[in-house]
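This is what each chain is made of:
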Amino acid sequence: MSKKYLELEPEKILSVKDLEVKFYTYAGVVHAVSGVSFDVYENEVVALVGETGCGKTVTTRAITRLIYPPGHIARGQAIFRRRNGTVIDLLSISEKELRDIRGNEIAYIFQDPTSALNPLFTAGEHIVETIVAHSSTNRKLARNEAIRLLKQVLIPHPSLRVKTYPHELSGGMRQRVVIATAIANKPRLLIADEPTTNLDVTVQAQILDLLSELKKQYSMSIILITHNLGIVAEIADRVYVMYAGKIVESANVFELFEKPMHPYTRGLLHALPDPVRRIEKLEYIPGTVPSLINPPPGCRFHPRCKFAKRVCREEPPMVEVEPGHYVACWLYAKR
Amino acid sequence: MGLGRFLARRIATFIPTIIGVIFLTYLIAYAIPANPVRAWVGGEKMVDPKLIERIRHEYKFDAPWYEQFTFLFTQLISGQLRDPVRGKLVIVSLGERFPITVELALFGMMFLLIISIPLGIAAALKKDTPIDFAVRFLALFGSSMPSFVLYYLLILAFFTVLGITYLAGIPEPSRPCRLFVSNLPNVVPVVGYLGSYIGKIPMFGAMMCGEWSVVHETFKRMWLPGLALGLLSGGFVARILRNSLLDALGSEYVLFARARGLSKFRVWKHALKNAMIPVVTVLGLQFGGFLAGAIIAETVFGIPGMGRYVYDAISRLNFPAIIGGTFLFAIVYVTVNLIVDILYAVIDPRVRY
Ligand SMILES: Nc1ncnc2c1ncn2[C@@H]1O[C@H](COP(=O)(O)OP(=O)(O)OP(=O)(O)O)[C@@H](O)[C@H]1O
Ligand code: SF4
Ligand SMILES: [Mg+2]
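Residues numbered from 1 in each chain as written. Chains lettered and ligands numbered in written order. Predicted model: local features only at pLDDT ≥ 70, side-chain atom pairs only at ≥ 80, totals over all residues. Heavy atoms only, no water.

Turning next to the domain arrangement of chain A. Residue and element names in this part refer to chain A. With domains assigned, chain A is organised as domain 1 (3–105 + 187–328) and domain 2 (112–186). For domain 1 versus domain 2, the separation of C-alpha centres amounts to 27 Å. Every contact between the two is made by 19 residues of domain 1 and, on the other side, 15 residues of domain 2. Roughly 1400 Å² of surface becomes buried between domain 1 and domain 2 when both sides are summed, with 61% attributable to carbon and sulfur atoms. For domain 1, the biggest contributors to the area lost against domain 2 are P187, L210 and Y218; these three give 34% of the whole. The tally of links from domain 1 across to domain 2 stands at 0 salt bridges. Viewed at the interface, domain 2 and domain 1 are joined by 8 residue pairs in polar contact (both at pLDDT 80 or more). Only α2 (95–101) and α8 (201–218) provide two or more residues apiece to the side of domain 1 that touches domain 2. Ranked by residue count, the leading element in the side of domain 1 that touches domain 2 is α8, at 7 residues. (Domains from an automatic or database assignment. Contact = heavy atoms within 4.5 Å. Buried area = accessible area lost by both parts, 1.4 Å probe. Salt bridge = Lys/Arg side-chain N within 4 Å of Asp/Glu carboxyl O. Polar contact = N/O pair within 3.5 Å; in protein donor to acceptor, adjacent residues only side chain to side chain. Helix = DSSP H or I, 4+ residues; strand = E, 2+ residues; numbered from the N terminus.)

Printed below as a string of structure tokens:
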């Protein structure tokens, strides 16, 4: 392990730089994430939005190297400040140090709670083992803690529910169990991958309230992945817009809704007649998401962009158009 | 709801199954145009025709088929069916031989586990490498090779050429031995009966008496047939474990276990527990197969168990013995199936009785 001097501004907790992830499939190499960079500040909610298949899940999983064959992290850094203040690159530390961080300092809420929970383990067991893995508490204390956590995520009858198996719980309850395991060790960074998809609207609202509440209580940072711009408007501080494996625009949430710049972002917002009304799929932009095996050269949006020019076949640089508002589009960059 | 009702329902379905099996065996046996009674008395020319007549009458060969069947069936159920060749009650012969078949099946199971579990795990971990291909080949080999060919090849190698095993007799303890559980019959009849029956399996009996040299001899005698049984289905079971393990290792819950920073050991526990569900099912059915289908293995390896008994019975047209053996096979098979189903429900909380 090389000990380079890593730097991270004190107000940031995570800085991902130039991340590249590929999948080697029979059909060819899938360029799922191509040179993604983003920052997460202490105590903020960062939203990652984009159409299905644009690489949101892969990006966030790569942060703690949860990419397994045929996937491969080809390039990049993920600079993270640990609880003890040391600054490390998650993509180059040892497997053991990484295990220390996963589920402890960086925790995940997986996209689909039904497949994330092991059907043969009780709700309580999932929480208990997560606690025990990162502390010296015994299982009995961890079990009491599990009951407390289930109560905190508003599961009724928590002392009965610890003993139930995932299939005996409703979708919303399963998602709460996943949340309870995620917050079991009071993480500094919580990665919530579409935590409310497949839940009905009232449950969605409850889960979002719960996340905001937990964020305040533990002063966590949250990376929130969602299709749902209504949710973004509601709880995010800053937004990264992803398209076909790249980040195309980022800004604070007011700025982005007020002055979207990238044609893709505009399409997204345009596709949303009323930002308060929630829609699940962003499918109103004409054309289809490009194949990531042979992505279009240059700006990957150019086959669908009505402003496309010749220069768009070259990579557009990321430029800061207003303080804190970045866009990668030739409309805003000089050659 | 619950185990009790599940058991009651399953046992109720046993009865027609077993009667059906016996009836089919009866039909097949009696459709053979031969004179079984001549075969029973030895087939010599000089037999007193009166004797033949008496036996024919005794087994109701002179009565219509349904009377014949009813006679056989009631005798079988009441344990009174007599083997006309040996003159012994069929149930007594089966009771003597079944423990030996169980011993063989246990050796087969031991080798099956030793072969299939490590190979299955290795094939999953080293997917698409020579190990994986070797397991695939073993599975193909085991399912396509006629079993007796493999048995004779093994005998040729280890008995004829190397001479490191023997093929006659079964090591038995010098005296009947019992475990303390045999005192239980008054309290828990089934457990007590099983407890005293376990002592009849020669190797366990020897263990209970502390006759360790007999145990040692048993290993020397039984490892080859056990290995043979294990080799035949080892590849198949290993493939099932490999596939289910690969499914489990690629699943979201294993990734979520890793995302929670669990130790390698815990992550494996998540994967293996799920991967074992289909494996337990096939292992159970294989065990049932070893118990019920050891006819060829027992004959080739000279093991005087149930399979050998039925083989002898078939070659002498000894229908009462054939029907008795089939009856026991059928009971073994449905019981093993039931145990597999119960195990399944124990491992997998999603399964309802
Ligand atoms: N195991 C894999 N093998 C091959 N390709 C994969 C694999 N996992 C992801 N990909 C590819 O990587 C790309 C990004 O997938 P990812 O799951 O990150 O999308 P997403 O933005 O999270 O989509 P969604 O909104 O549907 O969850 C997709 O094109 C997908 O096909
Ligand atoms: S770079 Fe060109 S193609 Fe891409 S979004 Fe901007 S104008 Fe459209
Ligand atoms: Mg996703």
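Structure shown, so let's carry the discussion forward.
The next subject is the packing of helix α14 (residues 306–315) of chain B against helix α15 (residues 319–347) of chain B. All names here are of chain B. Running from N to C, α14 and α15 point in directions that differ by 150°, and their axes come no closer than 9 Å. When the axes of α14 and α15 are compared, the pair comes out roughly antiparallel. The way α14 lies across α15 gives a crossing that is left-handed. Facing α14, whose interface residues are M306, G307, Y309, V310, A313 and I314, α15 presents A321, I322, G325, L328 and F329. Looking at the contact of α14 with α15 residue by residue, the class counts come to 9 nonpolar, 2 polar and no charged. (Axes fitted to C-alpha atoms, helices over the stretch in contact; angles between N-to-C directions. Parallel < 35°, antiparallel > 145°, perpendicular 65-115°, else oblique. Left-handed = near helix turned anticlockwise from the far one by under 90°. Nonpolar A, V, L, I, M, F, W, Y, C, P; charged D, E, K, R; others polar.)

Quick look at the site of ligand 1 now. Residue and element names in this part refer to chain A. Neighbouring residues of ligand 1: 14 residues in total, closest T52, G53, T57, V58 and Q111. Within the contact set of ligand 1, an oxygen atom lies 2.4 Å away from a side-chain nitrogen or oxygen of T52. K56 is positioned such that a nitrogen or oxygen atom in its side chain is 2.9 Å from an oxygen atom of ligand 1. Protein contact buries 69% of the 630 Å² of open area that ligand 1 shows by itself. Elements with a contribution of two residues or more to the shell around ligand 1: β1 (12–25) and α1 (56–63). With 3 residues, α1 is the single largest residue contributor to the shell around ligand 1. Looking at the shell around ligand 1, its residues break down into 5 nonpolar, 7 polar and 2 charged. (Near = heavy atom within 4 Å. Areas by Shrake-Rupley, 256 points an atom, 1.4 Å probe, with all protein chains shown as cover.)

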